[in-house]
Amino acid sequence: MILHHIQSSATTDNALNCCLRYIDDQDSILLADDALNCLLNTQWQQRLTNYKLYVLIEDIEARGLSHRLPQSANISIIDYDQFVLATLQHTKVITW
């Protein structure tokens with residue numbers, strides 16, 4: 001079980017696309033920094049529906065997106081302490 005840590009925007013980098021080619025059903029994705037902007041796009045929301053997603057609350061607040069991100073059962077909003085716990089719950093972390 002892998003935690004895929006994506007930090008760059010899907011509009012400027014291929015990291016998220018590349019991650020989705022290799023991800024397993026049991027894996028999770030952490031969208032950090034500019035990567036969380038993809039959740040504002042309906043096509044990306046649909047592509048990510050079947051994956052467990054983590055989003056850092058600090059990144060949401062820093063970008064003023066608290067009321068713009070979709071509410072979805074597959075998205076967990078976490079803080080840095082919960083991020084550390086998520087890394088411990090997965091056997092490996094890959095930063096793309």
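Structure shown above.
Below: a short report on this structure. (Residues numbered from 1 in each chain as written. Predicted model: local features only at pLDDT ≥ 70, side-chain atom pairs only at ≥ 80, totals over all residues. Heavy atoms only, no water.)

Thoughts on the side chain of asparagine 74
The following threshold applies: Where helices and strands are cited, they refer to DSSP runs of H or I of at least four residues and of E of at least two residues respectively, numbered from the N terminus. As used in this structure description, the phrase polar contact means that two N or O atoms lie within 3.5 Å; if the pair is within protein, one of them must be able to donate a hydrogen and the other to accept it, and residues adjacent in sequence are counted only when both atoms belong to side chains. By definition in these notes, contact holds between two residues if any of their heavy atoms fall within 4.5 Å.
Mapped onto the elements, asparagine 74 comes out in the loop between helix 3 (57–62) and strand 4 (75–78). At 3.3 Å, the side chain of asparagine 74 forms a polar contact with the backbone oxygen of threonine 49. Not counting chain neighbours up to four residues away, the residues in contact with asparagine 74 comprise Leu48, Thr49, Tyr51, Lys52 and Leu53.

Examining the state of the cysteines
Our working definition: A pair of sulfur atoms, both from cysteines and within 2.5 Å, is called a disulfide here. Here's how the labels work: a residue is buried when its accessible area is under 20% of the maximum for its type, exposed when over 50%, partly exposed in between, all with a 1.4 Å probe on protein chains only.
Under the definition given, this model contains zero disulfides. For cysteine 18, which is in no disulfide, the shortest distance to another cysteine sulfur is to cysteine 19 and amounts to 7.8 Å. With a relative accessible area of 0%, cysteine 19 lands in the buried category.

Observations concerning the pairing of strand 2 (residues 28–31)
The cut-off we apply is this: Pairing between strands requires that DSSP locate at least two bridges from one strand to the other. Note on handedness: a crossover is taken as right-handed if, strands pointing away from the viewer, the path from the first strand over the helix to the second is clockwise.
Burial along strand 2 is two-sided: Ser28 and Leu30 and Ile29 and Leu31, pointing in opposite directions, are all buried. In the sheet, strand 1 (residues 2–6) pairs with strand 2 via four bridges, with the strands oriented parallel. Considered in strand 2, the bridge of isoleucine 6 is made with leucine 31. Crossover handedness for the path strand 1 to helix 1 (residues 15–22) to strand 2: right-handed. Handedness of the crossover is the feature at issue here: the chain leaves strand 2, passes through helix 2 (residues 42–47), returns alongside strand 3 (residues 52–56), and the resulting connection is right-handed.

Quick notes on the nonpolar core
Nonpolar side chains in soluble globular proteins tend to end up buried together. Let me state the cut-off plainly: To define a nonpolar core, start from buried Ala, Val, Leu, Ile, Met, Phe, Trp, Tyr and Cys residues and group those joined through side-chain atoms within 4.5 Å.
Formed by 21 residues in total, the largest nonpolar core has its most connected members in Ile29, Leu31, Leu39 and Leu48. Contributing elements (two or more residues each) for this core: helix 1, strand 2 and strand 3. When residues in this core are grouped by element, the largest group, four residues, is from helix 1. Every residue in contact with isoleucine 29, bar those within four places of it in the chain, is listed here: Leu3, His4, Ile6, Cys19, Leu20, Ile23, Leu48, Tyr51, Lys52, Leu53 and Tyr54. Formed by eight residues, the second largest nonpolar core is a distinct cluster that contains Leu3, Ala32, Tyr54 and Ala86.

Details of unusual backbone geometry
Backbone geometry places aspartate 33, a non-glycine residue, at a positive phi of 55°. In this fold, aspartate 33 is placed in the loop between strand 2 and helix 2.

Topic: a nonpolar patch on the surface
Selection rule: Patch membership requires more than 30% relative accessible area and the absence of a salt bridge. Residues of like charge join within 9 Å; the nonpolar side chains Val, Leu, Ile, Met, Phe, Trp and Tyr join within 5 Å. Exposure was quantified through the Shrake-Rupley algorithm and a 1.4 Å probe, taking into account, for residues, occlusion by the shown protein chains and nothing else. One side-chain nitrogen of Lys or Arg within 4 Å of one carboxyl oxygen of Asp or Glu is enough to make a salt bridge.
On the surface, Val84, Leu85 and Leu88 cluster together into a nonpolar patch covering about 310 Å² of accessible area. With respect to the element layout, leucine 88 can be found in helix 4 (residues 80–89). Given the relative accessible area of 66%, leucine 88 is considered exposed.

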